Amino acid sequence: MGFFKNLFGGKEAAPALNALGAPVAGEAVAISEVSDPTFGQEILGKGVAFRPSEGKVFAPCDASVDLMFDTGHAVSLLADFGAEILIHVGLDTVNLKGEHFTVHAHNGDKVKKGDLLIEFDVAAIAAAGYDVITPMVICNTPDYATVNVHTGPVAPGDVVMELGK
């Protein structure tokens, strides 16, 4: 069918891109700005990071909660379109053992884009000596031929990543 579309001047449909919204308010920055090499060197996958201006993590898309860490410092989501998304609040914040975090979603929950997943105290975490930079990575990056990242000031839900097969 593509042959006939091209022959008669039609255009192939571009592959659909799936959008991910910012999970936090603040500034979206290149993942390479994360000092932890696991994130900054894209060992877990491509992504984007955030310098949060407030302590709330929202679902970046419709998804299922695959794993909400007991400590509340991170959540793994399975997007309805298949992306495996890890949102990690701060660096080494697992060492806080849940202090300064409140969990609002649990393993197996179905969430909609914009649903509150985690609350955290930005000032208290920083005062405890932790970097609050918050990476969001796509752990199954090889499944996507296109990964577009957008940086700059963001509100929760603003498109920061687009993924295409």
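Refer to the structure presented above.
Residues numbered from 1 in each chain as written. Predicted model: local features only at pLDDT ≥ 70, side-chain atom pairs only at ≥ 80, totals over all residues. Heavy atoms only, no water.

J.: Mind showing me how you'd approach the overall build of the protein here?
T.: A tally of regular secondary structure across the protein gives 3 helices and 14 strands. A principal-axis box enclosing the C-alpha atoms of the protein has dimensions of 65 × 30 × 25 Å. Of all 165 residues assigned to the protein, the portion counted as buried reaches 43%. Residue pairs in contact within the protein that sit at least 24 positions apart in sequence constitute 68% of those at least 6 positions apart. On the protein, roughly 8,100 Å² of surface is accessible, and the fraction owed to carbon and sulfur atoms is 53%. Separation between the mean location of the 10 positive side-chain charges and that of the 21 negative ones in the protein comes to 9 Å. (Helix = DSSP H or I, 4+ residues; strand = E, 2+ residues; numbered from the N terminus. Buried < 20%, exposed > 50% of the residue type's maximum accessible area, 1.4 Å probe, protein only. Contact = heavy atoms within 4.5 Å. Areas by Shrake-Rupley, 256 points an atom, 1.4 Å probe, with all protein chains shown as cover. Lys, Arg positive; Asp, Glu negative; His and termini not counted. Charge placed at Lys NZ, Arg CZ, Asp CG, Glu CD.)

J.: In this structure, what is going on with the environment of T134? I would like to understand it.
T.: Mapping T134 onto the fold places it in strand β11 (residues 134-138). On the basis of relative accessibility, which here comes to 0%, the residue T134 falls in the buried class. The spatial distance from the C-alpha of T134 to the C-alpha of P52 is 7.2 Å, given a sequence separation of 82 residues. For T134, the side chain forms a polar contact with the main-chain oxygen of V132, separated by 2.9 Å. (Polar contact = N/O pair within 3.5 Å; in protein donor to acceptor, adjacent residues only side chain to side chain.)

J.: What's the story with the sheet that holds strand β8 (residues 101-103) in this structure? I'm lost.
T.: To summarise the sheet geometry, strands pair through backbone hydrogen bonds and adopt either a parallel or an antiparallel arrangement. The strand order across the open sheet built from 3 strands is β4-β10-β8, with neighbouring strands paired in antiparallel fashion. Pairing within the sheet leaves two strands with one partner each, and these edge strands are β4 (56-58) and β8. Each neighbouring strand pair of the sheet contributes to a mean axis angle of 15°, computed without reference to strand direction. Pairing between β8 and strand β10 (residues 116-120): 3 bridges, direction antiparallel. By the bridge assignment, F101 is partnered in β10 with F120. (Pairing = 2+ DSSP bridges. Axes fitted to C-alpha atoms, helices over the stretch in contact; angles between N-to-C directions.)

J.: Looking at this structure, how should I read the packing of aromatic side chains?
T.: For any two aromatic rings, the description comes down to two numbers: the centre-to-centre distance and the angle of the planes. Across all of its chains, the model carries 2 aromatic pairs by this definition. Residues F81 and Y144 carry aromatic rings whose centres are separated by 6.5 Å and whose planes lie at 80° to one another, so their mutual orientation is edge-to-face. In this pair, F81 is assigned in the loop between β6 (74-79) and β7 (84-88) and Y144 in the loop between β11 and β12 (146-149), connecting sequence segments 63 residues apart. Residue F81 is classed as partly exposed on the basis of its relative accessible area, which comes to 24%. By relative accessible area, Y144 is classed as buried at 6%. (Phe/Tyr/Trp six-rings, centres within 6.5 Å; stacked < 30°, edge-to-face > 60°.)

J.: Please clarify how the pattern of salt bridges should be interpreted in this entry.
T.: In a structure, side chains of opposite charge can pair up when their charged atoms sit close to one another. Taken as a whole and judged by the stated rule, the model has 4 salt bridges. Here E42 ties to K46 by a salt bridge, and the two come within 3.5 Å at their closest N and O atoms. When the shortest N-O distance is used, the salt bridge between K112 and D62 registers 3.7 Å. With a gap of 50 residues between them, K112 in the loop between β9 (110-111) and β10 and D62 in the loop between β4 and β5 (63-68) connect regions that are remote in the sequence. Overall, the relative accessible area of 28% leaves D62 in the partly exposed class. (Salt bridge = Lys/Arg side-chain N within 4 Å of Asp/Glu carboxyl O.)

J.: Looking at this structure, how should I read the side chain of N140?
T.: With respect to the helices, strands and loops of the structure, N140 is situated in the loop between β11 and β12. Once residues lying within four places of it in the same chain are set aside, the contact partners of N140 are G82, A83 and E84.

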